[in-house]
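Inside the fold
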Amino acid sequence: MHRYSAFAFVQRNLKLADMMIGAALFNARQTGLDKQQAVQEKLAQLACYREGINAHLTAAIATAERSPAGLMMPNQSLLYTGRVLACSQLHHMMHIARELCGGQICVTPDAATFRAAETAPWMEKFYTVNENWTAEDRRKLLAFARDLLNSDYAGHRLTFQLFAQSPPFAHLAAVYRSFDWDEALAFVKNSAGLSDRVLGRRS
């Protein structure tokens with residue numbers, strides 16, 4: 001089943017990466033922090049994570065192979081290594097996105113506070129940044145980032161992506177079974193000028 005279902009499973013991480021990048025970048029741009037090198041470096045890390053997943057998925061299709069039953073399937077080595085990348089780095093990427101969003105995602109009041117007669121004027125005053133970022137848009141963005149990174153749902157989603165198909169050690173076991181070890185051995189054998197004896201007999 002994982003020969004095919006792992007593809008859609010890894011795609012979920014791709015969409016999570018897109019959401020983290022969008023939330024983090026919007027939070028940085030509304031105050032101009034995206035111009036700072038340290039912020040750009042963190043955004044670049046998120047981009048590398050996202051593009052690493054995308055590269056594995058794209059290559060798995062471009063170099064598709066036949067299954068034991070004769071059907072076409074994604075390249076198994078690329079698909080499973082992409083799954084390890086996507087799942088093993090997700091919690092690191094969530095933390096980077098959380099750093100870029102800042103403490104606002106845990107201290108911003110709920111929607112009712114922004115609408116209550118007594119508190120709405122204060123929320124409008126202190127949460128409006130400029131003519132492009134009104135208090136309501138900032139509230140929505142921060143609520144989105146909170147749900148994505150800090151909520152019960154965020155914790156559930158992280159655990160789901162880590163364990164839903166199988167635990168991390170099984171992800172690595174799938175890589176071990178699908179990777180072409182012989183190609184690397186042959187390359188080193190030829191490069192080092194080793195004899196055919198080093199390959200031995202495989203049962």
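The preceding data block contains the structure.
Residues numbered from 1 in each chain as written. Predicted model: local features only at pLDDT ≥ 70, side-chain atom pairs only at ≥ 80, totals over all residues. Heavy atoms only, no water.

Relative to each other, helix α2 (residues 37-62) and helix α3 (residues 76-88) sit at 165 degrees, their axes nearing to 8 Å. Relative to α3, the element α2 is oriented roughly antiparallel. Relative to α3, the crossing made by α2 is left-handed. Residue-level inspection shows Tyr 49, Gly 52, Ile 53, His 56, Leu 57, Ala 59 and Ala 60 of α2 in contact with α3, the latter providing Leu 78, Leu 79, Thr 81, Gly 82, Leu 85 and Ala 86. The residue inventory of the contact of α2 with α3, partitioned by class, reads nine nonpolar, four polar and no charged. (Axes fitted to C-alpha atoms, helices over the stretch in contact; angles between N-to-C directions. Helix = DSSP H or I, 4+ residues; strand = E, 2+ residues; numbered from the N terminus. Parallel < 35°, antiparallel > 145°, perpendicular 65-115°, else oblique. Left-handed = near helix turned anticlockwise from the far one by under 90°. Contact = heavy atoms within 4.5 Å. Nonpolar A, V, L, I, M, F, W, Y, C, P; charged D, E, K, R; others polar.)

We now examine the packing of aromatic side chains. Centre distance and the angle of the planes are the two values used to describe a pair of aromatic rings. Enumeration according to the criterion identifies six aromatic pairs in this entry. Between the aromatic rings of Phe 9 and Phe 160, the centroid separation amounts to 6.4 Å while the plane-to-plane angle is 45 degrees, which identifies the pairing as tilted. On the criterion of sequence distance, the pair formed by Phe 9 in helix α1 (residues 2-29) and Phe 160 in helix α9 (residues 152-163) is long-range, its members being 151 residues apart. Residue classification places Phe 160 among the partly exposed residues on the basis of a relative accessible area of 30%. Centroid distance Trp 122 to Phe 126: 6.0 Å. Interplanar angle 5 degrees. Geometry classified as stacked. Note that Trp 122 and Phe 126 are positioned in helix α7 (residues 120-127) at a spacing of four residues, about one turn of the helix. Members of the aromatic cluster, each reached through a chain of ring pairs, are Tyr 176, Phe 179 and Trp 181. (Phe/Tyr/Trp six-rings, centres within 6.5 Å; stacked < 30°, edge-to-face > 60°. Buried < 20%, exposed > 50% of the residue type's maximum accessible area, 1.4 Å probe, protein only.)

By themselves, these are just geometric observations and shouldn't be taken as functional.
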